[in-house]
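Spelled out from the first residue to the last, the chains are:
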Amino acid sequence: MSVVKINVLTVPAEQREVLEKRFASRAHAVENSDGFEWFELLRPVEGTDQYLVYTRWRDEESFQAWMEGPMKSAHQGGGEGGERPKPAASGSTLWSFEVVQQAAPKSA
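Worth saying up front: this structure is predicted, and the values here are computed from it rather than measured.

Cut-offs and rules
- Each residue is numbered by its place in its chain's sequence as written, counting from 1.
- Reporting in this predicted model follows two pLDDT cut-offs: at least 70 for local features of residues, and 80 or more for side-chain atom pairs to be given and counted; totals over whole chains, interfaces and linings ignore these cut-offs and use all residues.
- Derived side-chain values reflect all non-hydrogen atoms in the structure, with water molecules and hydrogen atoms excluded from consideration.
- Within this scheme, the nonpolar core is defined by two criteria: the residues are buried Ala, Val, Leu, Ile, Met, Phe, Trp, Tyr or Cys, and they are joined through side-chain atoms within 4.5 Å.
- When accessible area is computed with a 1.4 Å probe and restricted to protein chains, residues below 20% of their type maximum are described as buried, those above 50% as exposed, and intermediate ones as partly exposed.
- Helix and strand definitions follow DSSP, with helices as H or I runs of at least four residues and strands as E runs of at least two, each counted in order from the N terminus.
- By the convention used here, residues are in contact when the closest approach between their heavy atoms is within 4.5 Å.
- Stacked, edge-to-face and tilted labels apply to pairs of Phe, Tyr and Trp rings (six-membered ring for Trp) whose centres lie within 6.5 Å, assigned for plane angles under 30 degrees, over 60, and everything in between, in that order.
- Sitting over a ring, as applied to charges here, requires NZ of Lys or CZ of Arg to be within 6 Å of the ring centre and within 35 degrees of the ring normal.

Visitor: Please set out the nonpolar core residue by residue, giving values where relevant.
Guide: Counting seven residues, the largest nonpolar core is built from Val3, Val30, Phe36, Trp57, Phe63, Trp66 and Met71. For this core, the element with the most residues is helix α2 (residues 60-76), which contributes three residues. Every residue in contact with Val3, bar those within four places of it in the chain, is listed here: Thr55, Arg56, Trp57, Arg58, Asp59, Glu60, Phe97 and Glu98. By size, the runner-up hydrophobic cluster in this structure holds six residues, among which are Leu9, Leu19, Val53 and Ala88.

Visitor: With reference to specific residues and values, describe the packing of aromatic side chains.
Guide: The final tally for this structure, using the stated rule, is five aromatic pairs. Where Phe36 meets Trp57, the ring centres are 5.5 Å apart and the plane angle is 75°; that geometry is what we call edge-to-face. Taken as a pair, Phe36 in strand β2 (residues 36-42) and Trp57 in strand β3 (residues 50-57) lie far apart in primary sequence, 21 residues in all. When the centroid spacing of 5.3 Å and the interplanar angle of 35° are considered together, the rings of Trp57 and Trp66 count as tilted. Across this residue pair, the class does not change: Trp57 and Trp66 are buried. Through successive ring pairs, a cluster of aromatic residues spans Phe36, Trp57, Phe63 and Trp66. Here the basic side chain of Arg26 rests over the ring of Phe23, its NZ or CZ set 5.7 Å away from the ring centre.

Visitor: Describe the side chain of Arg56, listing the residues and the values that go with them.
Guide: Structurally, Arg56 is set in strand β3. The exposure class of Arg56 is buried, given its relative accessible area of 18%. Not counting residues within four places of it along the chain, the set of residues in contact with Arg56 comprises Ser2, Val3, Val4, Gly35, Phe36, Glu37, Trp38, Val99 and Gln102.

Purely geometric stuff here, so don't read any function into it on its own.
What follows is the structure, encoded as structure tokens:
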């Protein structure tokens, strides 16, 4: 079964737009990675300042390969003047899950 990785990002209110724009500018960056299955950026609605970055992978090895390759390269890129832009998130925690059960809408 697949594995799910949820990166929990603590994002101050004044950085929310910055975070969303950065993700939008990297749209489709993960989609060609071997073993990648799904991505969602979840914006908090109320009661928290934490965004959830949901990714689903064929297996742990696929996720680790992406972490050590494309993801690492993307986060080491420089901004203007070669300096790396300040992170939009003030904190990050990675949650890991194995998919035990799943369901999809029934075909009509």
